[in-house]
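# Inside the fold
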Amino acid sequence: MAEAEAVPQEAGAPVDAAGAFPSQYDENGMRSIDKEEESLRGAQLKIACSMPDGSVQNISCFMGNDVTYAKAQLARALDIEFGRIKLFLDGKLMFDPLSFNDFPAIEQSTTKEISVTVQIDPE
């Protein structure tokens, strides 16, 4: 059996598109894994946190994030212990393991901008 001889390609000659490896990026520069991650992450969510002193802290996250993620952002911003923070939506405690998709009021919001009340437990 005769082996095919490799023929060097001339500089500037077009590459045969049929033999080229397909690009992993689409026309928007996203890979298929990026698209999957984006669909799981969900819509962007803006949370206005009403603090006990009357001030408001704003947090940005995604519908697929959990309450723990938002509390961690707030704890970092305030430089306090994570465990001291409790978030309330419409007067009801938002439990840590739940994602924002688990709250019907947030899921039904067209703007994805919500207000929560923050309680900070004493040290």
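Attention here is on the structure that accompanies the text. (Residues numbered from 1 in each chain as written. Predicted model: local features only at pLDDT ≥ 70, side-chain atom pairs only at ≥ 80, totals over all residues. Heavy atoms only, no water.)

## A look at the nonpolar core
In terms of nonpolar packing, the biggest core is built from 21 residues, with Ile-47, Leu-87, Met-94, Phe-100 and Ile-106 touching the most fellow members. When residues of this core are traced back to their parent elements, those giving at least two are strand 1 (44-50), strand 2 (56-62), helix 2 (67-78), strand 3 (85-89) and strand 5 (113-120). Here the element with the most residues in this core is helix 2; it accounts for four residues. Apart from residues lying up to four places away in sequence, Ile-106 is in contact with Leu-45, Met-63, Leu-89, Met-94, Phe-100, Lys-112 and Ile-114. (Core = buried A, V, L, I, M, F, W, Y, C linked by side-chain atoms within 4.5 Å. Buried < 20%, exposed > 50% of the residue type's maximum accessible area, 1.4 Å probe, protein only. Helix = DSSP H or I, 4+ residues; strand = E, 2+ residues; numbered from the N terminus. Contact = heavy atoms within 4.5 Å.)

## Concerning the pattern of salt bridges
Tallied over the full model, the rule gives two salt bridges. Across the pair Asp-96 and Lys-71 runs a salt bridge, and its minimum N-O distance is 2.8 Å. Placement of Asp-96 in the loop between strand 4 (92-93) and helix 3 (104-107) and of Lys-71 in helix 2 is noted, with a sequence separation of 25 residues between them. Relative accessible area serves as the criterion here: at 25%, Asp-96 is assigned to the partly exposed category. (Salt bridge = Lys/Arg side-chain N within 4 Å of Asp/Glu carboxyl O.)

## Some remarks on unusual backbone geometry
Look at Asp-79: it is not a glycine, yet its phi comes out positive at around 55°. Locating Asp-79 in the fold gives a position in the loop between helix 2 and strand 3. For Asp-90, which is not glycine, the phi dihedral falls at a positive 55°. Looking at the element boundaries, Asp-90 is found in the loop between strand 3 and strand 4.

## What to know about the pairing of strand 5
Two strands pair when backbone bridges link them, and strand 1 and strand 5 are joined in this way by five bridges, in the parallel orientation. Note that in strand 5 the partner of Lys-46 across the bridge is Glu-113. Where strand 3 meets strand 5, four bridges bridge the pair, whose relative direction is antiparallel. Looking at strand 5, one finds that Lys-86 is bridged to Gln-119. (Pairing = 2+ DSSP bridges.)

## Considerations on the state of the cysteines
One covalent bond between the sulfur atoms of two cysteine residues makes up a disulfide. A full pass over the atoms with the stated rule returns zero disulfides. In this structure Cys-61 is not part of a disulfide, and its nearest cysteine sulfur, from Cys-49, lies 8.9 Å away. (Disulfide = S-S within 2.5 Å.)

## Points about the packing of aromatic side chains
Applying the stated rule across the entire model yields zero aromatic pairs. In this structure, Lys-71 is placed above the aromatic ring of Phe-82, and the distance from its NZ or CZ to the ring centre is 4.8 Å. (Phe/Tyr/Trp six-rings, centres within 6.5 Å; stacked < 30°, edge-to-face > 60°. Lys NZ or Arg CZ within 6 Å of the ring centre and 35° of its normal.)

## Describing the environment of Ala-105
Tracing the chain through its elements places Ala-105 in helix 3. In this structure the C-alpha to C-alpha distance between Ala-105 and Leu-89, which are 16 residues apart in sequence, comes to 8.8 Å. With near-sequence residues (within four places) excluded, Ala-105 lies in contact with Leu-89 and Asp-90.

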